[in-house]
Amino acid sequence: MLKVKLENALEKEKLEQYKDRVKSINHAINEKTMPGNDYLGWANYPAIYDKDEFEQIKKDAKWIRDNFDVLVVCGIGGSYLGARSAIEALKGLKNNDKIEVIFFGQTFSPNYTYQILKYLENKNFAINVISKSGTTTETSIAFRLLKELLEKKVGKEKARQSIFATTDKEKGALLTLARKEGYRTYVLPSDIGGRYSVFSAVGLFPLAVMDINIDEFMNGAYEAMKKYNNDNIDENECYQYAASRYYFYEKEGKKCELFVVYEPQFTQITEWLKQLFGESEGKEKKGFFPTSVTFSTDLHSLGQFIQDGTPLLFETIIHVKNPKYDVEIPHDDLDLDGLNYLEGKNLSFVNDKAFEGTLNAHKNEGKVPCIVIELDKLDAFNLGYLFYFFMRACALSAYLLSINPFNQPGVEVYKRNMFHLLGKRGY
Ligand code: PA5
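The text that follows walks through the structure, step by step, so that each part is easy to find. The structure displayed is predicted, hence computed values, not measured ones.

How each quantity is defined
Residues numbered from 1 in each chain as written. Predicted model: local features only at pLDDT ≥ 70, side-chain atom pairs only at ≥ 80, totals over all residues. Heavy atoms only, no water. Helix = DSSP H or I, 4+ residues; strand = E, 2+ residues; numbered from the N terminus. Rg over C-alpha atoms; globule rule 2.2 N^0.38 Å. Buried < 20%, exposed > 50% of the residue type's maximum accessible area, 1.4 Å probe, protein only. Contact = heavy atoms within 4.5 Å. Areas by Shrake-Rupley, 256 points an atom, 1.4 Å probe, with all protein chains shown as cover. Lys, Arg positive; Asp, Glu negative; His and termini not counted. Charge placed at Lys NZ, Arg CZ, Asp CG, Glu CD. Pairing = 2+ DSSP bridges. Axes fitted to C-alpha atoms, helices over the stretch in contact; angles between N-to-C directions. Near = heavy atom within 4 Å. Polar contact = N/O pair within 3.5 Å; in protein donor to acceptor, adjacent residues only side chain to side chain. Nonpolar A, V, L, I, M, F, W, Y, C, P; charged D, E, K, R; others polar.

### Brief notes about the overall build of the protein chain
- A tally of helices and strands in the protein chain yields 16 helices and 10 strands.
- Computed over its C-alpha atoms, the radius of gyration of the protein chain comes to 23 Å, within 12% of the 22 Å expected for a compact globule of 427 residues.
- For the protein chain, the spread of C-alpha atoms along the three principal axes comes to 65 × 65 × 45 Å.
- In the protein chain, buried positions account for 52% of the 427 residues.
- A separation threshold of at least 6 residues defines the contact pool for the protein chain, and within that pool the share at least 24 residues apart is 78%.
- Carbon together with sulfur atoms contributes 50% to the accessible area of the protein chain, which is approximately 19,900 Å² in total.
- Here the protein chain holds 55 positive side-chain charges and 59 negative ones, and the gap between their average locations is 7 Å.

### Overview of the sheet that holds strand E9 (residues 313–320)
- Strand order in the open sheet formed by five strands is E1-E10-E9-E7-E8, with mixed pairing between adjacent strands. Every interior strand has two partners, whereas the edge strands, strand E1 (2–5) and strand E8 (289–294), have only one. For this sheet the average axis-to-axis angle between neighbouring strands, irrespective of direction, equals 20°.
- Judged from the six bridges that link them, strand E7 (residues 256–261) and E8 form a sheet pairing that is parallel. Bridge assignment links leucine 258 to a residue of E8, and that residue is threonine 291.

### Focus on the site of the ligand
- Taken together, 13 residues surround the ligand, and among them Ser79, Ser131, Ser133, Thr136 and Gln275 come closest.
- Note that an oxygen atom of the ligand is positioned 2.5 Å from one of the side-chain N or O atoms of threonine 136.
- Glycine 194 is positioned with one of its backbone polar atoms (N or O) 3.4 Å from an oxygen atom of the ligand.
- In isolation the ligand has 380 Å² of accessible area, and contact with the protein removes 86% of it.
- Looking at the shell around the ligand residue by residue, the class counts come to one nonpolar, nine polar and three charged.

### A short note on the pairing of strand E4 (residues 125–130)
- In terms of burial, E4 is largely enclosed, as six of its six residues are buried.
- In E4, alternate side chains face the same way, and those of Phe125, Ile127 and Val129 on one face and Ala126, Asn128 and Ile130 on the other are all buried.
- In this structure, strand E2 (residues 70–74) lies alongside E4, joined through five bridges in parallel fashion. Bridged to leucine 71 within E4 is alanine 126.
- Sheet analysis places E4 next to strand E5 (residues 163–167), joined by four bridges and oriented parallel. For isoleucine 127, the partnering residue across the bridge sits in E5 and is isoleucine 163.

### Points about unusual backbone geometry
- Here the bond from phenylalanine 295 into serine 296 is cis, since omega is 5°, no more than 30 degrees from zero.
- Relative to the helices and strands, serine 296 is located in the loop between E8 and helix H13 (303–308).
- Unusually for a residue other than glycine, glutamate 284 sits at a positive phi of about 50°.
- Assignment of secondary structure puts glutamate 284 in the loop between helix H12 (267–281) and E8.
- Given the relative accessible area of 58%, glutamate 284 is considered exposed.
- The phi dihedral of lysine 285 is positive, around 60°, even though this residue is not glycine.
- Considering the arrangement of structural elements, one finds lysine 285 in the loop between H12 and E8.
- Look at lysine 285 and you get exposed, because its relative accessible area is 87%.

Keep in mind these values describe shape, not function.
Encoded structure:
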């Protein structure tokens, strides 16, 4: 399963000083006594999720797979990053599946919007619109456009059957619209914020449409939930990771966490992580700046800075030992590229040596602390496990910083300015 390796980061004994705080924060998470406790619904969700809705999701997903070419997932931030990262991580970037997923509603870009709408004109598509508030401007504009296109293409009744809305159970503009139009609705529970919502219908429905085993995904989350609800830092690797981050922050002034992956199809996981940690911890002039690289690609761009530049960073490397596919390097009679020394070797071998060599260089010569999170393979179970691991670590880590992980007051400021400039009533 998952291992946290700290030997290239710090001595474990350094974490002993956080033992008591970790214990009391873990207790407070379970007892819901910390700031933001109204949004701790994700913590035991893998044990208590709505099984009827879960079965309905599987049924609807199959219907969509059997009847459509494209599913358009319309949402932004926590309402799309989990699904996108899971689908890319598990299906790859070119998967030849019988159904395609397109993410929409996450930008005001006229270019992207125009091209996607053009592309969809000739496709048989269904829509999953996702918004907890129901008023997010990017998502609302995109959905208005999509709905108009679909209704024009197939008529109002067929469009109604092809639209699935994931939103709050009781309130919001999207819920009102969905009820009025008669769309199937799925629930984003009111005590779960967007960036903690991947185990709700927000993540599950798009994953199921892409034929990802959501039972296994939830089983992974459930196992992690059991494992990491342990207040003893000596035994709890999730809290060892969180406390190590805090140590770098507090004692070494390293306020920038660099997430590292070695597969392009895992890049969106780092986008999900950046949102999770950035929006949870970046408050009151505190928190880490989360950033990310995909190696070896970015060794040819940011590698120089990481090795030798301003010492701001520590690395969190997600190392998946066994890829799903592999490719062997062939023999070449001329050997003009000098690669015959690798003939018969797999690319996984080369990628792994790049990982080992880089870890060594960054740690030993660059003096960059490197935490390694190791997984044997990335399947639906392990991904559910990994997402839960990071969510729990993020909550503990924010509380170590004395930050409420579950609000995002800073996000409202640009919105107010933008609404004022757009002439929205009341701004
Ligand atoms: O994590 C969060 O709460 C945010 O990123 C939201 O998910 C994002 O702003 C989208 O909000 P909504 O689902 O209300 O459209």
